[in-house]
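# Remarks on the overall topology
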Number of protein chains: 2
Amino acid sequence: MVKITDVARHAGVSPSTVSYALSGKRPISEETRQRVEASIRELGYRPHAGARALASSRSNVLALVIPLRTGIHVPVVMQFAVSVVTTARRHDHDVLLLTQEEGEEGLRRVADTALVDAMIVMDVQLDDPRLPLLRSLDRPSVMIGFPAEADGLTCIDLDFKAAGELCVERLAGLGHRVVALVGSPPEVYVRGTAFAQRVVQGFTAAADRNRLASSVHPCEAAPGAAAAVAEQLLREQPALTGVVVHNEPLLEPLIDAFEQLGLRVPADLSVTAICPDELAESVRVPITSVALPAAELGSRAVELLMKKLDGKTVPDATLLAPRLTERASTAPRNAP
Amino acid sequence: MVKITDVARHAGVSPSTVSYALSGKRPISEETRQRVEASIRELGYRPHAGARALASSRSNVLALVIPLRTGIHVPVVMQFAVSVVTTARRHDHDVLLLTQEEGEEGLRRVADTALVDAMIVMDVQLDDPRLPLLRSLDRPSVMIGFPAEADGLTCIDLDFKAAGELCVERLAGLGHRVVALVGSPPEVYVRGTAFAQRVVQGFTAAADRNRLASSVHPCEAAPGAAAAVAEQLLREQPALTGVVVHNEPLLEPLIDAFEQLGLRVPADLSVTAICPDELAESVRVPITSVALPAAELGSRAVELLMKKLDGKTVPDATLLAPRLTERASTAPRNAP
DNA sequence: GGTGGGCGTCGAAGCGCTTCGATGGAGGAA
DNA sequence: TTCCTCCATCGAAGCGCTTCGACGCCCACC
């Protein structure tokens with residue numbers, strides 16, 4: 001193994017000079033740096049990660065905790081993870097993969113052993129048990145999602161309230177006057193992933209603002225429930241022409257159910273959804289939708305961590321603006 | 001930060017004794033170990049990963065390179081990754097995530113900086129450019145998949161030949177006499193992921209052994225191709241009653257196409273496939289299939305690496321036996 | 001011409017751990 | 001009793017790097 005002393009000897013300087021040439025933490029003359037760099041290339045020198053971590057108390061590794069719970073869309077998690085790795089590399093960091101399964105103990109372990117400098121935690125719940133831990137650790141972290149009480153923590157997520165609003169605004173813009181939200185299963189609102197509630201808030205706010213008649217329906221995620229929901233919606237709001245769906249598994253069956261009831265999408269009924277793009281595109285009638293911007297979320301999370309590691313302060317909360325992709329499921333009211 | 005000298009002082013022993021009590025590399029009296037362990041708990045001691053890595057030249061971290069190419073089924077990759085992490089943790093190791101994108105440079109970097117002790121490489125191609133690199137690095141690795149020339153490397157994968165055979169044997173056992181294989185796109189066979197060819201070999205061998213009439217059809221993965229393929233199959237083999245599909249995107253459309261042509265599955269035509277379980281289950285007629293055992297592959301790969309790190313020798317090639325899951329798409333020939 | 005101040009470089013200490021050789025004491029064999 | 005062995009423990013060296021204080025040199029300024 002070639003070490004820093006070898007490089008130093010080869011370049012005719014001291015080891016500390018090599019170190020400074022590499023890190024730039026002290027001025028080194030242009031000429032010397034050239035010589036050092038040449039020696040490094042020639043000898044194929046690579047600093048030993050462990051030695052570096054020990055001496056500098058920086059490992060240049062981030063931890064990423066990925067969720068395993070069912071109901072989480074796997075491709076989105078993957079997209080996020082890849083984006084985190086890619087962005088971390090741009091900042092000369094690597095990524096250690098932890099599973100939710102290992103839980104708090106895993107986080108504590110990698111933090112306390114100084115294996116990682118900072119961590120990213122996905123799938124945060126309102127009353128997430130990891131909150132006190134993250135607060136107590138001496139390393140910075142970023143959470144994907146918002147807990148109920150985020151004091152002293154840094155969070156980032158899609159702005160689900162704005163997403164709900166955006167869906168409604170789009171429908172309103174197309175002339176629809178009576179709209180409904182088909183939401184997530186009731187237990188989701190209870191159990192506490194905040195985003196579901198935020199969608200409802202946004203939906204309601206935008207509907208009121210536009211003076212639309214509106215209703216909200218939490219729904220089981222079982223495809224079998226679709227027919228009943230569709231029927232109920234039409235019974236309660238016979239003039240319904242716009243629907244927002246925030247319930248992935250129900251999306252496709254719901255479209256089918258509406259058509260069974262004689263409503264054509266989008267001619268008679270416009271549908272928007274908050275769901276991954278792939279799902280929106282794979283439905284028979286491609287759905288106008290707002291997607292979770294997983295890649296952007298990942299890279300923004302890393303950027304936040306890097307700033308924190310640099311000792312800069314960052315906003316406690318970051319909300320990403322939703323973007324709506326127009327597809328075939330929306331049309332002006334009373335279109336042919 | 002509490003360090004080993006703190007523990008030593010607290011327990012009234014020397015630092016080396018603490019180290020030995022922890023690693024078990026030298027005998028320590030029961031009484032002393034108890035005392036050391038108590039001190040560790042009381043002080044909340046955690047050995048510094050960097051220091052440990054530096055002194056022992058073992059980082060206890062594995063690298064996992066995940067593929068990004070399209071056409072790779074994301075949930076399977078995820079399953080694999082989770083299994084690797086879980087198994088690595090059981091062996092007191094962590095997992096560093098690398099993307100294919102970083103390529104050879106990434107592997108070389110983490111190996112040369114001693115950031116990882118060993119690595120797992122997924123999605124290996126016949127002429128994978130990483131082969132010479134893996135051979136030249138001083139750290140052990142395991143590859144998922146078989147390249148053309150695997151000398152000196154350790155590989156593991158599903159036994160695709162046996163998988164092809166198993167599908168045919170099942171059909172033969174049900175009395176089918178005329179079978180066809182709908183394979184992957186032609187370029188896959190050319191470009192060189194060995195497994196596609198292995199399936200063909202297994203299919204053909206088993207068909208011959210059972211004296212079945214058989215044919216092989218590489219197919220585009222576009223759903224639109226299904227109708228043409230189905231028609232062609234029936235034209236060329238009018239007595240066809242058994243089909244093996246090794247082409248994920250084509251599976252569902254193909255079933256539809258056969259039914260369009262008046263063949264009921266499984267009454268008139270039995271279908272088996274090599275594909276992820278979720279896909280097999282999501283088709284209208286659930287498909288009897290052989291799945292890629294991602295979780296087992298992951299944990300076996302880690303076990304192999306651990307053995308290599310212990311200096312033990314392991315087999316160059318490990319083939320996992322396929323398992324066929326019976327579903328609704330197969331029936332005895334001439335069943336009602 | 002003397003002096004103060006950078007700039008560029010060096011030397012040494014030390015990060016926290018593992019490991020090797022040494023050591024002391026207990027126990028068994030002669 | 002004496003000597004040898006073996007077990008449990010200790011002390012010190014060193015893993016490869018970063019970092020801090022020190023130092024010499026050159027230039028500018030008076």
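Scoring rules and cut-offs
Residues numbered from 1 in each chain as written. Chains lettered and ligands numbered in written order. Predicted model: local features only at pLDDT ≥ 70, side-chain atom pairs only at ≥ 80, totals over all residues. Heavy atoms only, no water. Phe/Tyr/Trp six-rings, centres within 6.5 Å; stacked < 30°, edge-to-face > 60°. Helix = DSSP H or I, 4+ residues; strand = E, 2+ residues; numbered from the N terminus. Buried < 20%, exposed > 50% of the residue type's maximum accessible area, 1.4 Å probe, protein only. Salt bridge = Lys/Arg side-chain N within 4 Å of Asp/Glu carboxyl O. Contact = heavy atoms within 4.5 Å. Buried area = accessible area lost by both parts, 1.4 Å probe. Near = heavy atom within 4 Å. Polar contact = N/O pair within 3.5 Å; in protein donor to acceptor, adjacent residues only side chain to side chain. Nonpolar A, V, L, I, M, F, W, Y, C, P; charged D, E, K, R; others polar. Pairing = 2+ DSSP bridges. Least-squares fit on C-alpha atoms with pLDDT ≥ 70 in both. 1 Å grid on protein atoms, 1.4 Å probe; cavity = no way out; pocket = protein on both sides within 12 Å on 5 of 7 lines; lining within 4 Å. Points joined across faces, edges and corners; volume = space filled by probe spheres on them. Axes fitted to C-alpha atoms, helices over the stretch in contact; angles between N-to-C directions.

### A closer look at the packing of aromatic side chains
Centre-to-centre distance and the angle between the planes together describe a pair of aromatic rings. Residue and element names in this part refer to chain A. This model, assessed by the stated rule, comprises 2 aromatic pairs over all chains. Taking 4.8 Å as the distance between ring centres and 35° as the angle between the ring planes, the aromatic pair formed by Phe160 and Phe195 counts as tilted. Of this pair, Phe160 sits in helix α8 (residues 160-173) while Phe195 sits in helix α10 (residues 194-209), and the two are 35 residues apart along the sequence. Taking the relative accessible area as the measure of exposure, Phe195 reaches 28% and is therefore partly exposed.

### Remarks on the pattern of salt bridges
Summed over the entire model, instances satisfying the criterion amount to 47 salt bridges over all chains. Glu169(A) is paired through a salt bridge with Arg209(A); the nearest N and O atoms lie 2.8 Å apart. Within this pair, whereas Glu169(A) is found in helix α8, its partner Arg209(A) is found in helix α10, the two being separated by 40 residues in sequence. Residues joined in a network through salt bridges with shared partners are Arg89(A), Asp94(A), Glu102(B) and Arg109(B).

### As for unusual backbone geometry
Of note, the bond from Val265(A) into Pro266(A) is cis; its omega dihedral lies within 30 degrees of zero at 10°. Relative to the helices and strands, Pro266(A) is located in the loop between α12 (248-260) and β9 (270-274). Phi at Arg211(A) takes a positive value of approximately 55°, unusual for a residue other than glycine. Inspection of the secondary structure assignment puts Arg211(A) in the loop between α10 and β7 (213-217). Within the chain, Asp92(B) stands out as a residue other than glycine whose phi angle is a positive 65°. Summarising the element assignment, Asp92(B) is placed in the loop between α5 (74-90) and β2 (94-99).

### Digging into the interface of chain A and chain B
At the junction of the two partners, chain A supplies 37 residues and chain B supplies 37 residues. Summed over both sides, the interface between chain A and chain B buries roughly 3200 Å², with carbon and sulfur atoms accounting for 68% of that surface. Of all residues in chain A, Arg46(A), Met78(A) and Leu97(A) bury the most surface against chain B, accounting for 20% of the area lost on that side. Counting across the interface, chain A meets chain B through 8 salt bridges.

### A word on the protein's contact with DNA strand D
For DNA strand D, the set of nearby residues contains 28 residues, the closest of which are Ile4(A), Tyr20(A), Arg26(A), Thr17(B) and Thr32(B). Of all DNA strand D atoms lying within 4 Å of any protein atom, the proportion belonging to sugar or phosphate reaches 57%. Contact between DNA strand D and His48(A): a phosphate oxygen at 3.2 Å from a main-chain N or O atom of the residue. Contact distances for DNA strand D include 2.9 Å between a base oxygen and a side-chain N or O atom of Arg26(B). If you tally residues by element for the surface near DNA strand D, the top one is helix α4 (residues 49-56) of chain A, at 4 residues. Residues of the surface near DNA strand D, tallied by class, amount to 12 nonpolar, 10 polar and 6 charged.

### Section: the pairing of strand β2 (residues 94-99) of chain A
In terms of burial, β2(A) is largely enclosed, as 6 of its 6 residues are buried. Alternating positions in β2(A) separate into two faces, Asp94(A), Leu96(A) and Leu98(A) on one and Val95(A), Leu97(A) and Thr99(A) on the other, with burial throughout. The sheet contact formed by strand β1 (residues 61-66) of chain A and β2(A) spans 6 bridges and is parallel. Bridged to Ile66(A) within β2(A) is Thr99(A). Relative to β2(B), β2(A) runs antiparallel, the two being bridged by 3 bridges. Looking at β2(B), one finds that Leu96(A) is bridged to Leu96(B).

### Topic: the relation of the copies chain A and chain B
Both copies of the chain are related through a single rotation about an axis accompanied by a shift along the same axis. At an RMSD of 0.1 Å, chain A and chain B line up after a rotation of 180° and a shift of 0.1 Å along the axis. Here the two chains are linked by the operation of a two-fold rotation axis. Both copies share a contact surface, since 100% of the interface residues of chain A are interface residues in chain B too.

### Some details on empty space enclosed by the protein
Per the counting criterion, the structure on display carries 3 cavities of 30 Å³ or more. Taken as a whole, the largest cavity encloses approximately 170 Å³ of empty space. Surrounding the largest cavity, 16 residues form its lining, Ala49(A), Ser59(A), Leu115(A), Ser59(B) and Leu115(B) being those nearest its centre. Going through the elements one at a time, α4 of chain A together with α4 (49-56) of chain B are the ones with two or more residues in the lining of the largest cavity.

### Side note on the sheet that holds strand β9 (residues 270-274) of chain B
Residues and elements named next belong to chain B. The 6 strands are arranged β7-β6-β8-β9-β10-β12 in an open sheet whose pairing can be described as mixed. Strands with a single pairing partner mark the edges of an open sheet, and in this sheet they are β7 (213-217) and β12 (324-325). For strand β8 (residues 242-245) and β9, the ladder comprises 4 bridges, and the chain directions are parallel. Paired with Val243 across the strands is Val271, a residue of β9. Where helix α11 (residues 226-236) meets the sheet, its contacts fall on β6 (178-182) and β7, and the angle it forms with β7 comes to roughly 150°.

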